[in-house]
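Structural features, examined
Spelled out from the first residue to the last, the chains are:
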2 protein chains.
Amino acid sequence: MTAASGATSGAASGPAPGSSPRPRRRLSVEQRREQLIAVALDFFAHHAPEEVSIDDIAAAAGASRPLVYHYFPGKQALYEEATRRAGRELAGLFDEPQVGPLSERLHRVMGRYLDFVDAHGPGFAAIMRNGSASSSPGTGAVIDQVRQAALDAVLSHLALPDPSPRVRLAVRSWIGNAEITALAWLQDEKGRFSREELQLALVQEFVAQLLVVLVHEPGLAPAMSGWLAEEQPDGPAGLLLHRLVALLGDGPLASEGLRLVAGDPDTTGGTTVG
Amino acid sequence: MTAASGATSGAASGPAPGSSPRPRRRLSVEQRREQLIAVALDFFAHHAPEEVSIDDIAAAAGASRPLVYHYFPGKQALYEEATRRAGRELAGLFDEPQVGPLSERLHRVMGRYLDFVDAHGPGFAAIMRNGSASSSPGTGAVIDQVRQAALDAVLSHLALPDPSPRVRLAVRSWIGNAEITALAWLQDEKGRFSREELQLALVQEFVAQLLVVLVHEPGLAPAMSGWLAEEQPDGPAGLLLHRLVALLGDGPLASEGLRLVAGDPDTTGGTTVG
């Protein structure tokens, strides 16, 4: 931090996010357009769309209102462009080298995802909820693209030659789970539940969902065994399995677990569910 | 089926849903209002809001266009009222007597939920996505109310004196999971994945999520033990635990499971995650 910026941040009332005065300078057409989108993204990340005006964005960009309208027909267009950028950024967070234990890769992805949620607060909420007055078919597509990119990325990490419908649905469920959990955490639980706790829980829920799939698709066992072979005992999957086995094996759930496990529901008649 | 209706349904082109001709008859103000809402609900259940016109609803209700406008200022108001009704119906599906094994109660709830999704198709999608041109803050609140009702209902079945933030978040995640899974199933996977398979998988994912919570909150063990005590070996939870223990115990994952479980990550140093 320089002395100058230190002096500024020490002032009683700092500038609002995105509203730091910028000197008017001559920008190229493309530079100006990018600058307006960046300023808008900053506003929409910290305020609900209906709370943001073109005047706010113009002032923060050191531009005139007519100049903003020269580049964008209105707030909706600027919001959609900013949302598309945010969506691309969010989708890009799922890019992760296919190296090392699967659960640690997803742990890094979820770390970046929660950083994004943390930094973009209301903007993330607006993209996810799509329920604001400014929502439109245009922004609806953004979240679909993020979900598709996330699905493709996670499936590529699973590296199955032909993922079954059940695997695909489990991955989509988990992505939805991550979205809604992050949103709920942001809105209500942030003070009571740390980012790191949430990050670990989300990855372990993925592992748990894979186990549920495996229970119905025994053919997935070799792949699952391959994933587990790379896991570390102190990684997200290792910790989960270690503690689960302890709970069900000789821990507090052993006697109930044993009773349920003793019978063989697959060969007895009268099953209530298939 | 009566001979008359048989003759009608045998015609080359039957009436579209909701458009069966109704004789004009004198209805009370309240009856007429309810009838218009019912007809609108039927339309919005089978078509995206932007595909439905006031003329469609008037024709199907055997009413004039001005009469519809006498009751509702426009399509948006009628859509919002129909959506509120659908939301109340959806929230009501989570009412379930607190009797019998927990996983079987949730299995019944998910059965009704998926019936609703199946019957209301595009209407459910519109409520959930909130991304249509007709979405508004008014309809945004509907889905929040459904989620809150679902959260309250599931928590009441758990019957914990003071559910922890982690338990609450896990339940909210699961509700989000059910929404997004049902939506994905409706749109893409319905042909490849039966309603019954999905119903069972959703309940087992709930059990799996509770197990993930338990791994981090050992204090939940007595309650979990109490829930399991009521479970049947051939119920959703019993089947899951039976097969999980088999997989990890002496099944194809035994050797990898054993390796991960052999170390004690809780007491060794150098953990990568907490």
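Bear in mind the structure is a predicted one, so any value in this text is a computation, not a measurement.

A few points about the overall build of chain A
- Per the secondary structure count, chain A includes 12 helices and 0 strands.
- Counted from the first residue to the last, chain A has its helices and strands arranged as α-α-α-α-α-α-α-α-α-α-α-α.
- When the accessible surface of chain A is totalled, it reaches about 11,600 Å², and 56% of it is carbon and sulfur.

Here's the deal with the UniProt feature "domain: HTH tetR-type" (unreviewed entry) in chain A
- Residues annotated in UniProt with the feature "domain: HTH tetR-type" (unreviewed entry) correspond here to residues 30-90 of chain A.
- Segment residues 30-90 of chain A splits into 79% helix and 0% strand. End C-alpha atoms: 23 Å apart.

A look at the side chain of arginine 195 of chain A
Residues and elements named next belong to chain A.
- Structurally, arginine 195 is set in helix 9 (residues 195-216).
- Within the structure, the side chain of arginine 195 is placed 2.9 Å from the backbone oxygen of glycine 111, a separation counted as a polar contact.
- Setting aside anything within four residues of it in sequence, one finds arginine 195 in contact with Gly111, Leu114, Asp115, Asp118 and Trp185.

Section: unusual backbone geometry
- The phi angle at alanine 159 of chain A is positive, at roughly 55 degrees, despite the residue not being glycine.
- Structurally, alanine 159 of chain A can be placed in the loop between helix 7 (137-158) and helix 8 (165-189).

A few points about the UniProt feature "DNA-binding region" (unreviewed entry) in chain A
- If you check UniProt for "DNA-binding region" (unreviewed entry), the listed places come out as residues 53-72 of chain A in our numbering.
- Overall, residues 53-72 of chain A shows 75% helix and 0% strand. The separation of its end C-alpha atoms is 13 Å.

A short note on the side chain of arginine 105 of chain A
Residues and elements named next belong to chain A.
- Tracing the chain through its elements places arginine 105 in helix 6 (residues 102-129).
- Buried and unpaired, arginine 105 has no salt bridge, with glutamate 230 as the nearest side chain of opposite charge at 4.4 Å.
- For arginine 105, the side chain forms a polar contact with the main-chain oxygen of glycine 100, separated by 2.9 Å.
- When sequence neighbours within four positions are dropped, the list of residues in contact with arginine 105 reads Glu96, Pro97, Gln98, Val99, Gly100, His157 and Glu230.

Considering the packing of aromatic side chains
All names here are of chain A.
- On inspection of all chains with the given rule, the structure shows 6 aromatic pairs over all chains.
- Ring geometry for phenylalanine 44 and tyrosine 79: centres 4.9 Å apart, planes at 75 degrees, overall edge-to-face. Taken together, the positions of phenylalanine 44 in helix 2 (residues 29-46) and tyrosine 79 in helix 5 (residues 75-92) put the pair 35 residues apart, joining distant regions of the chain. The same class applies to phenylalanine 44 as to tyrosine 79, namely buried.

Some remarks on helix 5 of chain A
- Compared with an ideal rise of 1.5 Å per residue, which puts 18 residues at 26 Å, helix 5 of chain A spans 25 Å between its outermost C-alpha atoms and is within 8% of the ideal.
- Every buried residue of helix 5 of chain A is accounted for by Leu78, Tyr79, Glu80, Glu81, Ala82, Thr83, Ala86, Gly87, Leu90 and Ala91 of chain A.

Criteria and cut-off values
Residues numbered from 1 in each chain as written. Chains lettered and ligands numbered in written order. Predicted model: local features only at pLDDT ≥ 70, side-chain atom pairs only at ≥ 80, totals over all residues. Heavy atoms only, no water. Helix = DSSP H or I, 4+ residues; strand = E, 2+ residues; numbered from the N terminus. Areas by Shrake-Rupley, 256 points an atom, 1.4 Å probe, with all protein chains shown as cover. UniProt positions renumbered as here; feature names shortened; annotations may be inferred. Polar contact = N/O pair within 3.5 Å; in protein donor to acceptor, adjacent residues only side chain to side chain. Contact = heavy atoms within 4.5 Å. Buried < 20%, exposed > 50% of the residue type's maximum accessible area, 1.4 Å probe, protein only. Lys, Arg positive; Asp, Glu negative; His and termini not counted. Salt bridge = Lys/Arg side-chain N within 4 Å of Asp/Glu carboxyl O. Phe/Tyr/Trp six-rings, centres within 6.5 Å; stacked < 30°, edge-to-face > 60°. Expected span 1.5 Å × (residues − 1).

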